[in-house]
Amino acid sequence: MFDRLANLLTRRAPFVALLLLSLTALAAVQATQIQFEFSPQALMRGEDESYQQLQDFKQTFAYEDSVLMIIVEATGDANVLDHRLLNWQAHVAEQLRAVPHVDEVATLATIEIPRRTLEFPPSVTARPFIAEFPADETDSRRLRRLVDESPLLAGTLVSSDLQVAALLAFIDPELQRVRELSVVIDDVQQLLQSSPPPTGYRTSLSGLPFIRTDTIKNLQQDQQRLLPIAAILYLLTLAIIFRRVSGSLLPLLAVGMGLAWTIGAVVAVGATFNLVSNVLPILLIVVGVSNCVHVLDEYAEQLPLARGDRIAAARNTVRHMSRSCLLTLFTTAVGFACLGTAQSDVLREFGWQAALGMGFMYVTIIGGLGSLMQYFRPPRRSTRGAPLGHVTAAAGRVIDRHPRITLTFSGLLIAASVWLGLHVPVDSFMIETYDDDHPTLQTLRLVDNKLSGLLPIEVRLHADDPERLLDPDVFRKVRQFEEHALQEDGVLFARSYADVLQSISTGTPSPTAADDELPVSDEELTRDIRLGVWVVNRVGATLGYPNFMTEDGRDGRILIKVQDIGTLRLKKLINQLEAELLQAFPPGSGVTPTLTGDAYLNTIAMNAVIHDLFYSLLTASLIIFATIALIFRSLRTGLIAAIPNLTPLALTLGYMRLRGYDMNVGNVIVFTISLGIAVDDSIHFLFRFREEMKRTGCVEEAVVRTFEGTGRAIVITSILIVAGLAVLLFSDFVPTRRFAELTCVTMVGALIGVLLLLPACLVLFWKRPPTS
């Protein structure tokens, strides 16, 4: 089969090259439509019922993740209740309502409150607090009294120190794709540019829709800026090492074709890139460049044997390398395909995307290089006396002579790394993309410190009886739960249906749970509740009551806003809230509480995905070792390959502990790179070692010869990858820089595993032929 493939590629080279380039052009057009989806909901799909619970909750009550915030900060002597700013808010609110897909706008200047009429029978209507604009200083003073009497306003639309105000634009919740949200946000930004606030104030955007789109937009700009630099650096490094066009341009062409095919296929099936699959291009580049280096190194070795005949050298190269590259890429694809057993849809999608990418890479590397390299002079190979060849050959001889020392040293290093890695905490933040001085993060902290925050934990109370949630005992328990929640670390804000009803009975809009005390007697409280119900039946929509209680009265809402304190601390908070809810509403009480919300979902999703990905990769590693054993028809070979393949993972874990890094999604996906690199290098090394054993029959000599050939290619691959990733260390995004740093550590771990542990294990444990 491989002989026929070699003949086809060398004899029909122009046709094969044209076919591959044509398919690449079509795939590249398709690949430009790739979408990015980095929301926690995307991670949770397919995980369990939590995702569906959140969607049902949002459809019933409100979409907190669809609120775009315009933050206004006072920078001068005047506060945000100044009549000039109130007039500006009213003007901007009117313009915001005209923006497509903005369903509703809430501002302090346009707030409405219930007012009782003097007619008989008595009635109530909702009227704007400021009846006419332009507002004057009298309106500012009246609004100041209202804010003082209703502390909940000091946290949602205005800060308690009156230095920050928020304009809330409720975007159509059907808009979920970043591209659609970006259009709305761009319209709002243009509106703010054309209508700037008065002197002494500055504006900025926040809210989950803005953070999502801003992250994706900046990430794409970051990639557009850094990836071309990385490609040029790759090109220069290849040119320096190989000193031929074939060694510099052909690998990039072959890898680029495979990458275009993969992304085009992802778009064709309607999939997107997410927090996990975002690493797929880097993974394919790393594995693809590695295999290209091995193929071109073999081509340079075959040309002298073919006495300068490039076609014959290319044919022999394809005959040899199509087999070894198939083993490496097929084995890696099998490992990633095992992610299909994961619970999360995100991991299952990444599994088939990576497996498909490995298949495409095999076609473009063997097909592309096999058909094109005969038209180019092979890259120059370092002779045994040259620096790189000399170092690798010398390393092989040292390990040959001292395998036990090598194994002991490597084992101690791995053991220490594993011990350190066991103490790496699993923790993740929703907003961990930016540096501390980034404007988006500074605005988020301003919202946390001055207003009610962004990240919601929601409580849904379901009652067996429509009147149950209005029972005075349940009413008090809801308020007590809010008070306890506000005392927990990281909780910024709490509001419930009970707050809305009591605010109406006291005549002020929406007091907080910590505001006015509830009446002592059940009779007085029942009277206040009935009054509140009577009012909301007439003007409830204006007061936002449907966002906290369903029409049939069976479901109520408690909204809790929290800081981005990390999933580790949020998990403890969630456990504490669950315990308090269970104590307040035990089974049989007639009220069933359920926790949900974006912050809750993020905590559950991140921890689940991290554990799922980590253990799925371990499972994939075991299956890869079994596949290696089957391919080489030797259980001994599979066991020998296991240790070096796990070495990068162990060393990276230990390094994370030393650097104080947490185990989050951005860090754990580095292990996918670790797996791809280690498997690729190990199989190439084992394949070459087996060929050298057939030639020499001596384990020690075969190891040295493998070092001189494949060992050199592995070192070149490592240099290339580190050189390319070094550019990412200058990224504006923290996860990108950390990814580059940890992948470089992974490369060092792969070198230790493949060029120290693997040859030492071969010398010590390989079954020697009888004549040896």
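Residues numbered from 1 in each chain as written. Predicted model: local features only at pLDDT ≥ 70, side-chain atom pairs only at ≥ 80, totals over all residues. Heavy atoms only, no water.

Counting buried residues along strand β5 (residues 164–171), 7 of its 8 residues qualify, which places the element largely inside the surrounding structure. With 7 bridges joining them, strand β1 (residues 67–74) and β5 adopt antiparallel strand pairing. Note on β5: the bridge partner recorded for I70 is L167. Bridge count between strand β2 (residues 102–106) and β5: 4 bridges; the pairing is antiparallel. (Buried < 20%, exposed > 50% of the residue type's maximum accessible area, 1.4 Å probe, protein only. Helix = DSSP H or I, 4+ residues; strand = E, 2+ residues; numbered from the N terminus. Pairing = 2+ DSSP bridges.)

In this section: the packing of helix α11 (residues 280–305) against helix α13 (residues 345–372). Packing of α11 against α13 leaves a shortest axis separation of 10 Å and a crossing angle of 30 degrees. Comparing the axis directions of α11 and α13 gives the class roughly parallel. Between α11 and α13 lies a crossing whose hand is right-handed. On the side of α11, the interface is formed by L280, L283, L284, V287, G288, N291, C292 and V295, while α13 contributes F350, Q353, A354, G357, M358, M361, I365 and L369. A per-class count over the contact of α11 with α13 returns 12 nonpolar, 4 polar and no charged. (Axes fitted to C-alpha atoms, helices over the stretch in contact; angles between N-to-C directions. Parallel < 35°, antiparallel > 145°, perpendicular 65-115°, else oblique. Left-handed = near helix turned anticlockwise from the far one by under 90°. Contact = heavy atoms within 4.5 Å. Nonpolar A, V, L, I, M, F, W, Y, C, P; charged D, E, K, R; others polar.)

Taken as a whole and assessed by the stated rule, the structure comprises 5 aromatic pairs. Between F689 and W766, the aromatic rings sit 5.0 Å apart at their centres with planes inclined by 85 degrees, giving edge-to-face as the arrangement. Of the two residues, F689 sits in helix α24 (residues 670–696) while W766 sits in the segment after α26 (734–765), which places them 77 residues apart along the sequence. Residue class for W766 comes out buried when judged on its relative accessible area of 18%. The aromatic ring of F548 is capped on one face by R557, whose charged end is 4.8 Å from the ring centroid. (Phe/Tyr/Trp six-rings, centres within 6.5 Å; stacked < 30°, edge-to-face > 60°. Lys NZ or Arg CZ within 6 Å of the ring centre and 35° of its normal.)

The subject of this paragraph is the sheet that holds β5. Sheet architecture is open: 4 strands sit in the order β2-β5-β1-β6, paired in antiparallel fashion. Bordering the open sheet on either side are β2 and β6 (201–206), each of which pairs with just one other strand. Geometrically, the sheet is characterised by an average inter-axis angle of 20 degrees between neighbouring strands, direction not taken into account. Running at roughly 170 degrees to β2, helix α5 (residues 83–97) makes contact with β1, β2, β5 and β6 of the sheet. In this fold helix α8 (residues 178–194) packs onto β1, β2, β5 and β6, with an angle of close to 180 degrees to the strand it touches most, β6.

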